[in-house]
Structure formats: structure tokens, C-alpha cells
Number of protein chains: 4
Amino acid sequence: LTVYRAEIQRRFSDLDLMGHVNNVVFAEYAQEARVLMFRELFHGQASGVAWVLARQEIDFRRPVMLRPEPLLVESRITEIGRSSFRFTSCMIDETGAVAADAAGVMVCFDKETQQGIPIPDSVREVLQRAIEE
Amino acid sequence: LTVYRAEIQRRFSDLDLMGHVNNVVFAEYAQEARVLMFRELFHGQASGVAWVLARQEIDFRRPVMLRPEPLLVESRITEIGRSSFRFTSCMIDETGAVAADAAGVMVCFDKETQQGIPIPDSVREVLQRAIEE
Amino acid sequence: LTVYRAEIQRRFSDLDLMGHVNNVVFAEYAQEARVLMFRELFHGQASGVAWVLARQEIDFRRPVMLRPEPLLVESRITEIGRSSFRFTSCMIDETGAVAADAAGVMVCFDKETQQGIPIPDSVREVLQRAIEE
Amino acid sequence: LTVYRAEIQRRFSDLDLMGHVNNVVFAEYAQEARVLMFRELFHGQASGVAWVLARQEIDFRRPVMLRPEPLLVESRITEIGRSSFRFTSCMIDETGAVAADAAGVMVCFDKETQQGIPIPDSVREVLQRAIEE
């Protein structure tokens, strides 16, 4: 499995009343890391298809504070289906500890019909390589 | 199970590039609904303890658009453990369709030690009633 | 001047570390109120043109807390130019006090050229009526 | 005037429907840059006092898109009053062009009384040096 590493800069506005990065923001971090993964996979080109998140689960393991260091998010594509793929996102704090673990499913989406569609072959090949290498 | 109903006003800023309420915002909606559930459970008083989200899973079933109608979020407490409880959040759009389904675990948290603690009895009683009634 | 009144539901996630609605969120409230103003002005139809914010100033007068009551935002169109209009946004808390005052300029925008363009006559008439009535 | 330079990583979630960084997010960028300025001014220590934004004006000069390069925000303290200081924030895109210009006033704030207070001398000295050097 290829590991896509994204360094996410934390923001003051990521914090909630308790002084922790709010749980909602972890979903944002995972999304930012997926955007960067796509940019790497398709060399900055649009993949030609749209993707929507169909499912995501996040385990929050440790509070994350505001620090100058980026949060590291490791994304992996773990399985490819007919019209979707599975991924994991591991969020690692400045001490190297896992702050949160996410996993989910993204579905290939037709903007016109607003329906899921089979992943085009050219796109599938790129995703497949990310699993095999 | 008591059902806590929250009506969440959608915002233009909830939308992403595709014109859908972004997946991240569903976690925000679920959180807002939990805040309102707590307000109802404890009659607007602080529960005296802090809570952190330990886990959440969301299934995204239908795109949600910007509409004047609120999104309805139904929260239920489904199980109470020693230091945590399980909940579900069901998000229902203006047509009555389920837009997303979430479930998760909240842990009772000591702000001083930043550790999980057993749920105090007085709080447990309130949660217990939400399950039984 | 017609006054467009928007009731904005506050969110837990609008709060910052200090427990106040963060200053950034006031710009969001003003934007939501403008979206609602446009919906009223054009009866829920797209105005047919795009608008971008060219300038905004906000005076923050009182801290706003998380309350069940909505924040009231009163928007007024105060002046119409060749390709822009001026507006004010007054944000009023649950006690009736002015929490923040904003004023700004929106420019009519061509998405193709990404440039400002003159306001089309049909749109100008609608805006003009908002000033005169 | 000392110039405090902050490099802000853009996020997909900063974009609105039009594909531009939304105007609201510029206020967030300016705030993040002020947080970093404070960190530099007080060497990562809390300044011992709280600050609230009393006023901010932003001129939006050019659309900002999602790019891998950070947005550069230059903050300057331009004037110190009895209980407040004035600042400017200049946001510069990847081409070196000014995307937005902000200016504002921050007020020294007592969390207990929720009122403005005179800037303590030790804090004033630090701010003063930022103007003189």
C-alpha cells in the first residue's frame, strides 16, 4: 500500500471551548489529506470524475492541541470496488502518537445524475497502482 | 429510548464546491444536536462533567442542499457504560428522507487530568432515564 | 430602505476558546444574512449574476455567547453604483443590543472572465426598489 | 515597524461554491496570523492578558484559489493606545500579488469583568518594540 503523507497546519480556529482540536476538525483534516492524495495520484490534474464520501468512521485516541508543528495525516487506499474505494487515514501528532484513526468509503459520482457510477478504467488503474506499490 | 429532536439551520458556508453540505459539516450537525440534547437533559445547566467524543461513524446516504427548511437531527442515547455512553444521530432532510446516520461513543472526561473518569451517579441517573423513557 | 431580517441559529462550533462567538463567525453571519436577503429579493430564484464581496468592515460591540435564541441580522442595501452596491448588516443579540455592525460593498461579477461587470438593468431595478421602499 | 510573516496553508474547506477562498476565511487567515504574531512577540508564552477584536476592515482585491503554496500574511502593529492597538494584515498570494488588505483594532480584555482594561506595562513594552524596530 502506498502511504500518502500530508502535513496539515493547525489553526487556532480548529480549537473548541476545551482547547482541543474539535472532533469535527478531524474529519476536515482527513478530507484535506484526501485532496492532497488525489493531487499526488493524478499529478495535480482533475481525476475527471467526482467523488463523494459514503461512509467514515473516526476513533479519537488523544486530544490534539494547538502546536506550531503540523499534524501528519497518512492516507492509504486499501480496497477498490466497482464504483467505490476504501481508505484509511491515520492522524499523528508532534510526539509521533496516533491522535485519531479514520477509515471510510468514497464513491465515484456523476454530477449530472447525482448518482454513483462505475470507476472509469483509467482512474481505476491509478488507484490500483496505489494499492500494489 | 427518548428521541431528542434538534432543528439545525443550514448555512451557505456549509456547502462545498459541489453545492452539497460537506461531509465535515454532518459531524458538526451531530455535535450541535448533542449540545441541544445535553441542554434538554440537564435543563440548561452544565452537567458538571466534561465529555469528549471517543468514536463516531457516519453513513452519508443522500446529498443535502441549501434549503430554507432546517435539517432535523434525532439523537438517542442507546447504551450507558462505566465512563461512556453510546448514541445515534439520524439526520433527516426536508422530504423526510434520512440524509445521514451517525453513531458514536462519548466519554466522561476530567479536565484536570485529561483522562476518562466514571460517570458520576447523578449524571448517570439522568442518562438512564433517557434510555428508559 | 427595506430592512431584511434574518434569524441566525447560533452553533456551539461558532465559539472560540474564550466562549465567545469568534469574530470570524460574524462575517459568516453577515454572509448568511445576505444570502437570505438575495433569496427574498429575487423570490428564491438566482439573480442571474454572481456577486463577490469587495470590502467589509465590522465593529464588534459586545461579546455574543451561545444562546438558544437566534441572532438577528438586519441587512440594508444603502447605495447602488454601476457594478456594485453598498450594504449594512446590524447584528442584534437576544437582549436587543447591537452586538456588531458591519458595512460593505458587493461587486457584480462575471464568472467567465472573473472580472467585475455592470449590474444588469433587471437586477438593478430589484435592488433599487429595496432602497426606495 | 516589525513585519510578522505567517505562512497559512490553504484548505479545500476554505473554498466556497464559486471555487474561491470565501471572504469569511480571510478573517480566519488574519486571525491565525495574529496568533502567530503573538507567539513570536511573547516567545510562545501567553501574554498574560486576553485580547478581543474590536474592529476589522478587509479589502478583498483578488480571488484566491486552492494552491499548494501557502498564503503569506504580513501583520504589523501600527499604533498603541491605552487599552488597544492597531494592526494591519496584508495577504499575499503565490504570485506575490496582494489578495486582501486588512486593518483592525484589538482591545486588552479582562476575562473576569468581560471589560476592556489598560494594557499592562510589561505587555506594552513588547508591543512598543514591535513598532520601533
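Because the structure is predicted, anything quoted here is derived from the model rather than measured.

*Asks:* Where do I start with the overall build of chain A in this structure?
*Replies:* Across its full length, chain A carries two helices and six strands. Scanning chain A from its N terminus toward the C terminus, one meets helices and strands in the order β-α-β-β-β-β-β-α. Whereas a compact globule of 133 residues would reach a radius of gyration of roughly 14 Å, chain A reaches 15 Å, a difference of no more than 12%. Dimensions of chain A along its principal axes, counting C-alpha atoms only, are 45 × 30 × 25 Å. Buried residues in chain A amount to 53% of all 133 residues. The long-range fraction of contacts in chain A, counting pairs at least 24 apart against all pairs at least 6 apart in sequence, stands at 67%. On chain A, roughly 5900 Å² of surface is accessible, and the fraction owed to carbon and sulfur atoms is 47%.

*Asks:* Help me out: how do you make sense of helix α1 (residues 23-41) of chain B in this one?
*Replies:* Counting along an α-helix, one turn takes 3.6 residues, and residues three or four places apart therefore face a common direction. Residue and element names in this part refer to chain B. Compared with an ideal rise of 1.5 Å per residue, which puts 19 residues at 27 Å, α1 spans 27 Å between its outermost C-alpha atoms and is within 8% of the ideal. Counting buried positions along α1 gives 15 out of 19 residues, so the element sits mostly inside the fold. Just past α1, the residue His 43 takes up positive phi, approximately 50 degrees.

*Asks:* Just to check I follow, could you spell out the packing of helix α1 (residues 23-41) of chain C against helix α1 (residues 23-41) of chain D for this structure?
*Replies:* In a packed pair of helices, the relevant descriptors are the angle between the two axes and the axis-to-axis distance. Interhelical geometry of α1(C) versus α1(D) gives an angle of 175 degrees and a closest axis separation of 8 Å. Classified by the angle their axes make, α1(C) and α1(D) are roughly antiparallel. Of α1(D), the residues touching α1(C) (which contributes Asn23(C), Val24(C), Ala27(C), Glu28(C), Gln31(C) and Arg34(C)) are Asn23(D), Val24(D), Ala27(D), Glu28(D), Gln31(D) and Arg34(D). Class assignment for the residues of the contact of α1(C) with α1(D) results in four nonpolar, four polar and four charged.

*Asks:* I tried to follow the interface of chain B and chain A on my own but got confused; where do I start?
*Replies:* Across the boundary between the two partners, chain B contributes 25 residues, which contact 25 residues of chain A. Surface buried jointly by chain B and chain A totals about 1900 Å² across both partners, of which 51% is contributed by carbon and sulfur atoms. Looking at the side of chain B facing chain A, the largest losses of area belong to Met18(B), Val24(B) and Arg55(B), adding up to 25% of the total buried there. Put simply, chain B and chain A have four salt bridges between them. One salt bridge connects Asp59(B) with Arg55(A), and the closest N-O pair in it is separated by 2.9 Å. Put simply, chain B and chain A have 14 residue pairs in polar contact (both at pLDDT 80 or more) between them. Elements supplying a minimum of two residues to the side of chain B that touches chain A: α1 and β2 (50-60) of chain B. Counting residues per element, the side of chain B that touches chain A draws most heavily on β2(B), at eleven residues. Along the lines of polarity and charge, the residues of the side of chain B that touches chain A split into 13 nonpolar, six polar and six charged.

*Asks:* Whenever I open this one, the packing of aromatic side chains confuses me. Can you help?
*Replies:* Geometry of an aromatic ring pair is reported as the spacing of the ring centres plus the angle between the planes. Residue and element names in this part refer to chain D. Inspection of the entire model under this criterion finds 28 aromatic pairs over all chains. Between Phe 38 and Trp 51, the ring centres sit 5.7 Å apart and the planes meet at 50 degrees, which makes this aromatic pair tilted. Residue Phe 38 is located in helix α1, and its partner Trp 51 is located in strand β2 (residues 50-60); the two are separated by 13 residues in the primary sequence. Assessed through its relative accessible area of 11%, Trp 51 is described here as buried.

*Asks:* Just to check I follow, could you spell out empty space enclosed by the protein for this structure?
*Replies:* Rolled over the atoms, a probe with the dimensions of a water molecule shows which regions are left empty. Evaluated as defined, the whole model comprises four cavities of 30 Å³ or more. What the largest cavity holds in volume is close to 910 Å³. The wall of the largest cavity is formed by 45 residues, among which Glu28(A), Glu28(B), Glu28(C), Ser13(D) and Glu28(D) lie closest to the centre. Going through the elements one at a time, α1 (23-41) of chain A, α1 of chain B, α1 of chain C together with α1 of chain D are the ones with two or more residues in the lining of the largest cavity. In terms of residue class, the lining of the largest cavity is built from 17 nonpolar, twelve polar and 16 charged. Those elements giving two or more residues to the lining of the second largest cavity turn out to be α1 and β2 (50-60) of chain C together with α1 and β2 of chain D.

*Asks:* Explain the relation of the copies chain A and chain D here, please?
*Replies:* Between the two copies of the chain lies a relationship made up of a rotation around an axis and a movement along it. With an RMSD of 0.0 Å, the operation that places chain A on chain D is a rotation of 180 degrees combined with a shift of 0.0 Å along the axis. Such a turn and shift between the copies fits a two-fold axis. Taking C-alpha positions as reference, the residue of chain A nearest the rotation axis is Gln9(A), located at 3.1 Å. A share of 94% of the interface residues of chain A reappears at the interface of chain D, consistent with the copies meeting face to face through the same patch.

*Asks:* Mind showing me how you'd approach the side chain of Asp16(B) here?
*Replies:* Within the secondary structure, Asp16(B) sits in the loop between β1 (4-8) and α1. This buried residue, Asp16(B), is left without a salt bridge; Arg34(A) holds the nearest opposite charge, at 8.8 Å. Contact partners of Asp16(B), with chain neighbours within four places excluded, come to Asn22(B), Phe12(D) and Leu17(D).

*Asks:* Can you help me understand the pairing of strand β1 (residues 4-8) of chain A in this one?
*Replies:* The side chains of a regular strand alternate between both faces of the sheet. Residues and elements named next belong to chain A. Burial of the side chains of β1 is restricted to one face: Tyr 4, Ala 6 and Ile 8 are buried, whereas none of Arg 5 and Glu 7 on the reverse face is. In the sheet, β1 pairs with strand β3 (residues 71-80) via five bridges, with the strands oriented antiparallel. Bridge pairing in β3 places Ile 8 opposite Leu 71.

*Asks:* Help me out: how do you make sense of helix α2 (residues 121-132) of chain D in this one?
*Replies:* All names here are of chain D. For α2, built from twelve residues, the straight-helix expectation of 16 Å at 1.5 Å per residue is met to within 8% by its first-to-last C-alpha distance of 16 Å. Within α2 the residues assigned to the buried category are Val 123, Val 126, Leu 127, Ala 130 and Ile 131. Looking down the long axis of α2, one finds its buried residues gathered within 145 degrees of arc, a one-sided arrangement. Within α2, the exposed residues directed more than 90 degrees away from the buried face are Asp 121, Ser 122 and Glu 132.

*Asks:* Please clarify how the relation of the copies chain B and chain A should be interpreted in this entry.
*Replies:* If you rotate chain B by 180 degrees and push it 0.0 Å along the axis, it lands on chain A with an RMSD of 0.0 Å. Taken as a fraction of all interface residues of chain B, those also at the interface in chain A reach 100%, which identifies the copy contact as same-surface.

*Asks:* Any chance you could explain the side chain of Glu32(B) here in plain terms?
*Replies:* On the secondary structure map, Glu32(B) appears in helix α1. Buried Glu32(B), no salt bridge; nearest opposite-charge side chain is Arg11(C), N-O distance 5.5 Å. Sequence-distant contacts of Glu32(B), defined by excluding residues within four places in its chain, comprise Ile8(B), Arg10(C), Arg11(C), Phe12(C) and Ser13(C).

*Asks:* Even after reading the chapter, I still don't get the confidence of the model for chain A, so can you show me in this structure?
*Replies:* One rule of thumb: low pLDDT means the predicted coordinates there are not for detailed reading. For chain A, the mean per-residue pLDDT works out to 94, and 100% of the residues sit at or above 70. Both scores are available for the predicted complex, with the pTM at 0.96 and the ipTM at 0.95.

Reading the values: the criteria
- Residues numbered from 1 in each chain as written.
- Chains lettered and ligands numbered in written order.
- Predicted model: local features only at pLDDT ≥ 70, side-chain atom pairs only at ≥ 80, totals over all residues.
- Heavy atoms only, no water.
- Helix = DSSP H or I, 4+ residues; strand = E, 2+ residues; numbered from the N terminus.
- Rg over C-alpha atoms; globule rule 2.2 N^0.38 Å.
- Buried < 20%, exposed > 50% of the residue type's maximum accessible area, 1.4 Å probe, protein only.
- Contact = heavy atoms within 4.5 Å.
- Areas by Shrake-Rupley, 256 points an atom, 1.4 Å probe, with all protein chains shown as cover.
- Expected span 1.5 Å × (residues − 1).
- Axes fitted to C-alpha atoms, helices over the stretch in contact; angles between N-to-C directions.
- Parallel < 35°, antiparallel > 145°, perpendicular 65-115°, else oblique.
- Nonpolar A, V, L, I, M, F, W, Y, C, P; charged D, E, K, R; others polar.
- Buried area = accessible area lost by both parts, 1.4 Å probe.
- Salt bridge = Lys/Arg side-chain N within 4 Å of Asp/Glu carboxyl O.
- Polar contact = N/O pair within 3.5 Å; in protein donor to acceptor, adjacent residues only side chain to side chain.
- Phe/Tyr/Trp six-rings, centres within 6.5 Å; stacked < 30°, edge-to-face > 60°.
- 1 Å grid on protein atoms, 1.4 Å probe; cavity = no way out; pocket = protein on both sides within 12 Å on 5 of 7 lines; lining within 4 Å.
- Points joined across faces, edges and corners; volume = space filled by probe spheres on them.
- Least-squares fit on C-alpha atoms with pLDDT ≥ 70 in both.
- Lys, Arg positive; Asp, Glu negative; His and termini not counted.
- Pairing = 2+ DSSP bridges.
- Arc of directions from axis to C-beta.
- pLDDT = per-residue confidence, 0-100.

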